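Summary of structural features
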Amino acid sequence: FNFVWDKDIPSLKYNKIEWVIENWLPKGDICFIAGKAASFKTTICLHFGYSMAMGKLVFNKYKTIQSKVLYLNEENATPIITSMINRIKNGLDLIEPVDNICFSLLENLRLDSVKDLEELANFITNNKIDVVICDSLRRFIGFDENNATEMSRFFENLKLLRKMCPCLTILVLQQQKKENSQYKTDLRDMLRGSSDIVNSADSIIGISRK
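The structure reproduced in this document is the subject of the present report. Only a predicted model underlies this, so the values are computations on that prediction, with no experimental measurement involved. (Residues numbered from 1 in each chain as written. Predicted model: local features only at pLDDT ≥ 70, side-chain atom pairs only at ≥ 80, totals over all residues. Heavy atoms only, no water.)

Okay, the packing of aromatic side chains next. Pairs of aromatic rings are described using the distance from one ring centre to the other and the angle between the two planes. Enumeration over the complete set of coordinates arrives at nine aromatic pairs. Aromatic pair Trp24 and Tyr62: ring centres 5.7 Å apart, planes at 65 degrees, arrangement edge-to-face. Of the two residues, Trp24 is situated in the loop between strand 1 (19-21) and strand 2 (25-26) and Tyr62 in the loop between helix 1 (41-54) and strand 4 (69-73); the sequence distance between them amounts to 38 residues. On the numbers, 5.7 Å between centres and 40 degrees between planes, the contact of Tyr71 with Phe103 is tilted. One end of the pair, Tyr71, is in strand 4; the other, Phe103, is in strand 5 (residues 101-105), with 32 residues separating them in the sequence. Residue Tyr71 is classed as buried on the basis of its relative accessible area of 0%. (Phe/Tyr/Trp six-rings, centres within 6.5 Å; stacked < 30°, edge-to-face > 60°. Helix = DSSP H or I, 4+ residues; strand = E, 2+ residues; numbered from the N terminus. Buried < 20%, exposed > 50% of the residue type's maximum accessible area, 1.4 Å probe, protein only.)

Shown next, in the form of structure tokens:
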């Protein structure tokens, strides 16, 4: 454990918010990307990933810090994810291979497994990864996402990963519940699973399809 005296706080290396994606994603955050099925969560996160890898603007508007990105895909079949990747690269006018982004494709990687977490941390450290995108939450856990105790342990794992890999930014895709059109619902109440997700995440970005 590291303990910091008050007099040393101004000299901390990361005592101010540094935006990996301007006004969207702070460096070192555990951020959830939440939306209903077919709301373009994966497409948007791939756009985030390639924009950060190239230091390009997100949505042609928001500045990024050029970063090394690891995209963990446990959600989409390989032909589907590669098709999405090609679409994103075409949209960003990327013809040549991009050095700063890599993928796992249905490796059955589990974030509730200490062994998998240690192997992941080693890869992140050895390859100087800055941002990890997890697509999507339910594929990385072997327990009911409504179980508050297990979800709390899961967040302990994410925070441990961030501690093992200082300043690592983590994005996790998550589905929303079905909305009752008769009532206006807060986004934070719409995330599927335990309320520990909302309580433990640093930030949440909601996505809706129009």
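What follows deals with the side chain of Ser39. Turning to its location among the elements, Ser39 is positioned in the loop between strand 3 (30-35) and helix 1. Each residue touching Ser39, except ones within four places of it in the same chain, is listed here: Ile207 and Arg209. (Contact = heavy atoms within 4.5 Å.)

Moving on, we get to the environment of Ile80. Among the secondary structure elements, Ile80 is positioned in helix 2 (residues 78-91). By relative accessible area, Ile80 is classed as partly exposed at 43%. The sequence separation of Ile80 and Pro97 amounts to 17 residues, and the corresponding C-alpha distance is 19 Å.

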